[in-house]
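So you can see what is in the structure, the chains are spelled out below.
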Amino acid sequence: MNIKDIKKEFPIFDNKVHNNDLVYLDSANSSQKPKVVVDRIYDFYTKEFSNVGRSVHYLAVAATNLYENTRVLVQKYINAKDPNEIVFTKGATEAINLVANTFGQKYLKEGDEILITELEHHSNYVPWHYLRKSKGVKINFADVDENGDINIESIEKKITPKTKILAITHLSNVTGAILPVKEIIQLAHSKNIPVLVDGCQGAPHLKLDMQDLDCDFYAISCHKMYGPTGLGVLYAKKKWLEELPPYQGGGGMIGEVKKEGITFGDLPNKYEAGTMATAQVIAFGESINFINKLGIEKIEEHERELTKYGEEILRKNNSVKLIGSPKNKGSVLSFTLDGVHPHDIATILDEDGVAIRAGHHCCQILHEKLGLAATARASLGVYNTKDDLDQLNSSINKCIKIFNS
Amino acid sequence: MDLKDLYQQLILDHGKNPRNLGKFENFNKDAKGHNPLCGDKVHVYLKLDENKKISDIKFEGEGCAISMASASIMTELMKNKEEPEVKELIDDFLKMIKDSPELNSKIISEDEKTKLMSLSGVKKYPMRVKCATLPWHTLVSAMTDKPGEVNTEKDD
Ligand SMILES: Cc1ncc(COP(=O)(O)O)c(C=O)c1O
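Keep in mind it's a predicted model, so treat the numbers as computed, not measured.

Reading the values: rules and limits
Residues numbered from 1 in each chain as written. Chains lettered and ligands numbered in written order. Predicted model: local features only at pLDDT ≥ 70, side-chain atom pairs only at ≥ 80, totals over all residues. Heavy atoms only, no water. Phe/Tyr/Trp six-rings, centres within 6.5 Å; stacked < 30°, edge-to-face > 60°. Helix = DSSP H or I, 4+ residues; strand = E, 2+ residues; numbered from the N terminus. Buried < 20%, exposed > 50% of the residue type's maximum accessible area, 1.4 Å probe, protein only. Lys NZ or Arg CZ within 6 Å of the ring centre and 35° of its normal. Near = heavy atom within 4 Å. Polar contact = N/O pair within 3.5 Å; in protein donor to acceptor, adjacent residues only side chain to side chain. Areas by Shrake-Rupley, 256 points an atom, 1.4 Å probe, with all protein chains shown as cover. Nonpolar A, V, L, I, M, F, W, Y, C, P; charged D, E, K, R; others polar. Pairing = 2+ DSSP bridges. Contact = heavy atoms within 4.5 Å. Axes fitted to C-alpha atoms, helices over the stretch in contact; angles between N-to-C directions. Core = buried A, V, L, I, M, F, W, Y, C linked by side-chain atoms within 4.5 Å. Expected span 1.5 Å × (residues − 1).

Peer 1: Please clarify how the packing of aromatic side chains should be interpreted in this entry.
Peer 2: Aromatic ring pairs are defined here through the distance separating the ring centres and the angle between the ring planes. A complete count under the given rule lists 21 aromatic pairs over all chains for this structure. Summarising the aromatic geometry, the rings of Y67 of chain A and F88 of chain A are spaced 5.5 Å apart at their centres and angled 65° between planes, so their arrangement reads as edge-to-face. Note that Y67 of chain A is positioned in helix α3 (residues 58–77) and F88 of chain A in strand β4 (residues 86–89), a separation of 21 residues in sequence. Judged by its relative accessible area of 1%, F88 of chain A falls in the buried class. Judged by centre distance (3.9 Å) and plane angle (15°), the rings of F93 of chain B and W136 of chain B are stacked. In this pair, F93 of chain B is assigned in helix α4 (residues 83–98) and W136 of chain B in helix α6 (residues 129–143), connecting sequence segments 43 residues apart. Just as F93 of chain B is buried, W136 of chain B falls in that class too. A connected cluster of aromatic rings, assembled from ring pairs, spans F10, F13, Y24, Y226, F290 and Y383 of chain A. The aromatic ring of F13 of chain A is capped on one face by K7 of chain A, whose charged end is 5.1 Å from the ring centroid. Positioned above the aromatic ring of Y309 of chain A, the side-chain terminus of K386 of chain A is 5.1 Å from the ring centre.

Okay, here's the thing in structure tokens:
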């Protein structure tokens, strides 16, 4: 892969930040967008726009076909069995809320337990939290180890006869730990526990195969996959989408509406109430085409090499403390610096055009466990190079110089 | 260069070695402040004596250089100030950080003004303004016995 050429496909890199080239190391937060995706939104609105699924005129039919075409692209990208197992949402957050809400409503009662991990993003904790109040369920946390990793034993230890669902991240957005999700799912299924995987950091970086993984639910955030904001995907096994109640009510998701009662529509409409993020869905098709053109395996390999290189140079830097050395690490380099607070690091790096994130990264449970209020995080995307990481390191040295002067 | 304005020597010094850090026995007012977006935390303790004068003030906290330096400088300036002066200084400081080019209060010396103005570098960094103002909002809360924690994302 020629990264210089790939970078050229992202118009954002034509801009300067404080008169410097942009070194974008915040892709775990949100990735940049290739021109094809941006253009697709413009073209749809200027040449093809119509609402989908409701009218019979030419534009409506064409828009509906484009919209459904993305569903098939997503299905193939994650190797789901059926396109009707793909539900569009406003984000991964909504995808998880959808499951917590409908699964909780139908299957959970007082005393039941939900098992998550200490690594989870607030998006995979807070939606479950509501069930504490509404249903009286208990939430258990599998322990993260000193490497910022979760192994299968730490999950097994926390499973009880009352565990009704397991919700785990695929790839930690702080420590970079890639969880052994397949083994965890096998274990849970052997005890009849369904599994939701928060795939926000998995989907942009790892090859996915839903049929092989066999998870029950998988949540995806499209804006982290070189796609538009305001869009997420929930993959769910068909039997769940058939059995669970609808999430939101409105147009498009119904069968028949009468004064005395309502029936609901078939999949996937049942879970897509109201006018959806049509332009975003259609443009997201281009994000998947973009990834497919490069090849997710190639992207994985490039990012693995970069992560290793980043770890190497940061470990050599005596002032840097890397957070998390999991067995299997993906695309995330979190760190602290002796005597410099992460927010000061982020401000000083920004002056050099280096964009990182500082804070708790929506993982307060993990940060409390680490005994840190905040960390600095550099995260990678397909457009990053070793030069970017060298620039990161030299800007880190500048922080140290400023603070030790 | 802007970074030099933000991280002036004085800020770095107060950030690294905050004055009045800690807690003391006989405080009679205190309040906590928290910025949930970045995790900065500050807890201000003070003793307001019978003449409504701050006879002692200290703080505990963790956060970036800006928030720690701001708390440090604030506690230095507030010691032995009477309640109306405290109010005046807080207003003056917050106004300066928001939009005023300078401090107008007559109750502190030129040297003290220079010290306080060293925090004005944050004006060019909108995301960092809350770091500088958190200790001050927390002091307001302590002085007025407002219940609960100051939260940078909840007040305006
Ligand atoms: C691991 C993880 N889960 C969930 C989310 C939430 O995704 P979104 O904000 O797109 O709904 C994120 C993104 O910040 C994440 O990194």
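Peer 1: Please explain the site of the ligand as it appears in this structure.
Peer 2: All names here are of chain A. Close contacts around the ligand come from G91, A92, T93, H121, S123, N173, D198, C200, Q201, S221, H223 and K224, and that covers them all. Here A92 contributes a backbone N or O atom positioned 3.3 Å from an oxygen atom of the ligand. One of the side-chain nitrogen or oxygen atoms of S221 is found 2.8 Å away from an oxygen atom of the ligand. In isolation the ligand exposes 390 Å². Once the protein is present, 87% of that is buried. Of the residues contributing to the shell around the ligand, the split by class is two nonpolar, eight polar and two charged.

Peer 1: Before we go on, may I ask you to explain the sheet that holds strand β2 (residues 40–48) of chain B in this structure?
Peer 2: Two strands in a sheet stick together by hydrogen bonds in their backbones, pointing the same way (parallel) or opposite ways (antiparallel). All names here are of chain B. Taking strand neighbours across the sheet as the criterion, the four strands line up as β3-β2-β1-β4 in an open arrangement whose pairing is mixed. Of all the strands in the sheet, the pair left with one neighbour each is β3 (54–62) and β4 (150–151). Pairing between strand β1 (residues 29–35) and β4: two bridges, direction parallel. Considered in β4, the bridge of G33 is made with V150. Contacts from helix α3 (residues 65–78) reach β2 and β3 within the one sheet, and its direction differs from that of β3 by about 175°.

Peer 1: It is not clear to me how the nonpolar core should be interpreted in this structure. Could you clarify?
Peer 2: Among soluble globular proteins, nonpolar side chains are generally buried collectively. I356 and L392 of chain A together with Y7, M78 and L139 of chain B are the most contacted members of the largest nonpolar core, which totals 72 residues. Among the elements that line this core, the one with the most residues is α3 of chain B, at nine residues. Among residues more than four places away in sequence, those in contact with L139 of chain B are V44, L46, I57, M74, M78, V86 and I90 of chain B. Counting residues in hydrophobic clusters, the runner-up holds 66 residues, among them I78, L115, I150 and I299 of chain A.

Peer 1: When you look at the side chain of H361 of chain A in this model, what are you seeing that I'm missing?
Peer 2: Residues and elements named next belong to chain A. Here H361 lies in the loop between β16 (357–359) and α13 (364–370). Given the relative accessible area of 1%, H361 is considered buried. Of note is the side chain of H361, whose polar atom sits 3.4 Å from the backbone oxygen of G359. Leave out the neighbours within four places in its chain, and H361 touches H121, N173, V174, H367, T375, A376 and R377.

Peer 1: Looking at this structure, I do not really get α3 of chain A. What am I missing?
Peer 2: Residue pairs three or four apart in sequence face the same way in an α-helix, which turns once every 3.6 residues. Residues and elements named next belong to chain A. The terminal C-alpha atoms of α3 lie 29 Å apart, and with 20 residues this matches the ideal 28 Å at 1.5 Å per residue to within 8%. Listed as buried for α3 are A60, A63, Y67, T70, R71, L73, V74, Q75 and Y77. Turning to α3, the residues buried within the fold contact α2 (35–48), β4, β10 (232–236), α10 (278–294) and α11 (296–316). Count one or two residues on from α3 and you reach N79, which has phi positive near 50°.

Peer 1: Just to check I follow, could you spell out the pairing of strand β17 (residues 375–379) of chain A for this structure?
Peer 2: Side-chain positions along a regular strand alternate between the two faces of the sheet. Residues and elements named next belong to chain A. Burial runs high along β17: five of the five residues are buried. The alternating pattern of β17 places T375, R377 and S379 on one face and A376 and A378 on the opposite face, and all of these are buried. In this sheet, β17 lies alongside strand β14 (residues 332–337) in antiparallel orientation, the contact comprising four bridges. Paired with L333 across the strands is A378, a residue of β17. Both β16 and β17 contribute to a ladder of three bridges, which runs antiparallel. Paired with R357 across the strands is R377, a residue of β17.

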